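# Observations on the model geometry
Chain by chain, the residues:
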Amino acid sequence: MSNSTIVIRKIEPTDNKSIEAVIRTCFHEFKIPLEGTAYSDSETPRMYESYQNDNEVYYVIEYNGEVLGGGGIKPLKDFDGTVCEIQKMYFSSAVRGKGYGRQLFEKCMQSAKSLGYKQCYLESASQLKAAIHIYESYGFRYLDKALGNTGHYSCGVWMIKNL
């Protein structure tokens, strides 16, 4: 995979099935609970439609026309203030460990700042050790409990960062 064939772009309607498949595959691969996570979210099959408000964005990683991962930001649900949540950041094994997830993550963080958010929150599963390591390296700090009302009661890692 050469860098010249990788594109990070905003999600399009035709990407829904591909990104849903990437997300669902990761849950089985890492043995993450299916209930109380993004796996069972009503948004997961309709990602394009779920990220169309002015204060949210979802990006995908595309390689030769194939969507191999994605991640986005939205306001943290049921939480007052200027806090966004990094959401549904999952990658196919074909792009993991090559730095593209980090690039997409940085794009999300830049978008959060440009949209006026002051803090960025995320929830993760303890099985996603490489992702958590990246979050730590960007200065995310651990929280003792979840913020807002994401519905992801099976996620046991909560982190936040000032932007």
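As shown above, the structure is provided for reference.
What comes next is a walk through the structure. (Residues numbered from 1 in each chain as written. Predicted model: local features only at pLDDT ≥ 70, side-chain atom pairs only at ≥ 80, totals over all residues. Heavy atoms only, no water.)

## Overview of the pattern of salt bridges
In total, this model carries 8 salt bridges according to the counting rule given. Among the salt bridges present, the one from Arg-9 reaches Glu-12, with a minimum N-O distance of 3.8 Å. Classification of Arg-9 as buried rests on a relative accessible area of 14%. Between Glu-29 and Arg-96 there is a salt bridge, with the nearest N and O atoms lying 2.8 Å from each other. Of this pair, Glu-29 sits in helix 1 (residues 16–29) while Arg-96 sits in the loop between strand 4 (83–91) and helix 3 (100–114), and the two are 67 residues apart along the sequence. Residue class for Arg-96 comes out partly exposed when judged on its relative accessible area of 26%. Several salt bridges converge on common partners, so that one network encompasses Arg-9, Glu-12, Asp-15 and Glu-62. (Salt bridge = Lys/Arg side-chain N within 4 Å of Asp/Glu carboxyl O. Buried < 20%, exposed > 50% of the residue type's maximum accessible area, 1.4 Å probe, protein only. Helix = DSSP H or I, 4+ residues; strand = E, 2+ residues; numbered from the N terminus.)

## What about the nonpolar core?
Membership of the largest hydrophobic core comes to 25 residues, with the highest contact counts inside it found for Ile-73, Ile-86, Met-89 and Phe-140. Mapped onto this core, the elements with two or more residues apiece are strand 2 (57–63), strand 3 (66–75), strand 4, helix 3, strand 5 (119–124), helix 4 (129–137) and strand 7 (157–162). Considering each element in turn, this core owes the most residues, 6 residues, to helix 3. With near-sequence residues (within four places) excluded, Phe-140 lies in contact with Phe-105, Met-109, Cys-120, Leu-122, Tyr-135, Met-159, Ile-160 and Lys-161. Counting 17 residues, the second largest nonpolar core, distinct from the first, contains Ile-11, Val-67, Tyr-90 and Leu-128. (Core = buried A, V, L, I, M, F, W, Y, C linked by side-chain atoms within 4.5 Å. Contact = heavy atoms within 4.5 Å.)

## What about the packing of aromatic side chains?
Inspection of the entire model under this criterion finds 7 aromatic pairs. Between Phe-27 and Tyr-39 the ring centres are 5.5 Å apart and the planes differ by 65°, which places this aromatic pair in the edge-to-face class. Within this pair, whereas Phe-27 is found in helix 1, its partner Tyr-39 is found in the loop between helix 1 and helix 2 (47–50), the two being separated by 12 residues in sequence. Across the pair, exposure class does not vary: Phe-27 and Tyr-39 are buried alike. Between Tyr-135 and Phe-140 the ring centres are 6.1 Å apart and the planes differ by 55°, which places this aromatic pair in the tilted class. Both residues of the pair, Tyr-135 and Phe-140, count as buried. Between Arg-24 and the ring centre of Tyr-39, over which it is positioned, the NZ or CZ distance is 4.6 Å. A cation over an aromatic ring shows up here: Lys-74 above the ring of Tyr-51, its NZ or CZ 4.8 Å from the ring centre. (Phe/Tyr/Trp six-rings, centres within 6.5 Å; stacked < 30°, edge-to-face > 60°. Lys NZ or Arg CZ within 6 Å of the ring centre and 35° of its normal.)

## Some thoughts on the sheet that holds strand 1 (residues 6–10)
The strand order across the open sheet formed by 7 strands is 1-2-3-4-5-7-6, and the pairing between neighbours is mixed. Taken across any chain shown, the strands that pair with only one partner, and hence form the sheet edges, are strand 1 and strand 6 (141–142). Bridge analysis of strand 2 against strand 3 gives 7 bridges, and the strand direction is antiparallel. When the bridges of strand 3 are listed, Val-60 appears paired with Gly-70. (Pairing = 2+ DSSP bridges.)

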